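Each chain is listed here by its residues.
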Amino acid sequence: MADTLSIATWNINSVRFRAPIVERFLTEHAPDILCLQETKVVDDAFPHDLFHRLGYRHIVLNGQPMHHGVATISRIPLAEDLRHDWQDNGEARHIGVRLPNGWRLENVYVPAGGDVPDREQNPKFGQKLDFLGRMTRWSEQLKDPSIIVGDFNIAPLESDVWSHKQLLDVVSHTPIEVAALAQLQQSHGWVDLGRHFIPAPNRLYTWWSYRAKDWTVGDRGRRLDHMWASPEVARDAIAHHVLEPCRSWEKPSDHIPLVTEFRI
DNA sequence: ATGGCTGGTAGAACCAGA
């Protein structure tokens, strides 16, 4: 009998503040595994009870005070794997696990990179590029069937942003970031599952700013969140969901969840 | 009109997100 595995990724912008919509998402969509970014909570204060109550008893954390933080939450057993500090500054931006079938699942929160797209004027932009460079060197060596998901903070394609022209100088869509992301993708032959299921130039966004009073007016979105798979894993991807309605839920995250279903 | 808002933490004329 064929079986399926569904994996979700969501930049939640505080897992504690967002508890009601996390519960709604898990109840309505029930992925097997949920990868969260920007949990904004130290591991000791993580809301384990919320997830246990919903049937998610396997949780692997990499949190820190105040900012950042990632968590991988599952109904099926997980084996904790490596956690990388690709920025080399102690921030909690990655956690890796192994799934029962041997796949690796990497949950990553790439740095935003500040405002100015120049590493001389803005050290955060340099850190973002260095993070991607270290990821690329890791990815080049990777042999195992793997899935990497999360908030990559880069919208690579013209159809990944509401205005290619107006965002060319805006961090997240600059040519230097797009080139760095392309190198990372090429280093393992990663399949971009979002564009596998919804090819360019179709519109595909995962983030809308909080600053607009109504996020749907003008639809000024960007595709910052991604799900990538090794070529052999991508062959088992059978469906992909982009859950835009979650952007209109009560006290929403500025990012929406993505879900991919795999045949296993 | 891509920063107009948001959350965490301190108790800010804060920081960070993107």
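Every value quoted in this text rests on a predicted model; they were computed, and no experiment measured them.

Asker: Quick question: what am I supposed to make of empty space enclosed by the protein here?
Answerer: To find leftover empty space, one rolls a probe the size of a water molecule over the atoms. For the structure on display, the rule yields one cavity of 30 Å³ or more. If you add up the space inside the largest cavity, you get close to 40 Å³. Around the largest cavity, the lining residues are D192, G194, L204, T206, R223, D225, H226, M227, H240, V242 and L258. Counting residues per element, the ones that place at least two in the lining of the largest cavity are strand 12 (225-229) and strand 13 (237-242). Counting residues per element, the lining of the largest cavity draws most heavily on strand 12, at three residues.

Asker: For this particular structure, what's the right way to read the layout of surface pockets?
Answerer: Of the volumes computed, that of the largest pocket is approximately 760 Å³. Y109, A112, G113, G114 and N153 are, among the 31 residues lining the largest pocket, the residues nearest its centre. It is helix 3 (residues 123-141) that contributes the most residues to the lining of the largest pocket, three residues altogether. When its residues are assigned to classes, the lining of the largest pocket shows eight nonpolar, 12 polar and 11 charged.

Conventions we followed
- Residues numbered from 1 in each chain as written.
- Chains lettered and ligands numbered in written order.
- Predicted model: local features only at pLDDT ≥ 70, side-chain atom pairs only at ≥ 80, totals over all residues.
- Heavy atoms only, no water.
- 1 Å grid on protein atoms, 1.4 Å probe; cavity = no way out; pocket = protein on both sides within 12 Å on 5 of 7 lines; lining within 4 Å.
- Points joined across faces, edges and corners; volume = space filled by probe spheres on them.
- Helix = DSSP H or I, 4+ residues; strand = E, 2+ residues; numbered from the N terminus.
- Nonpolar A, V, L, I, M, F, W, Y, C, P; charged D, E, K, R; others polar.

None of the figures reported here should be taken as evidence of function without further support.
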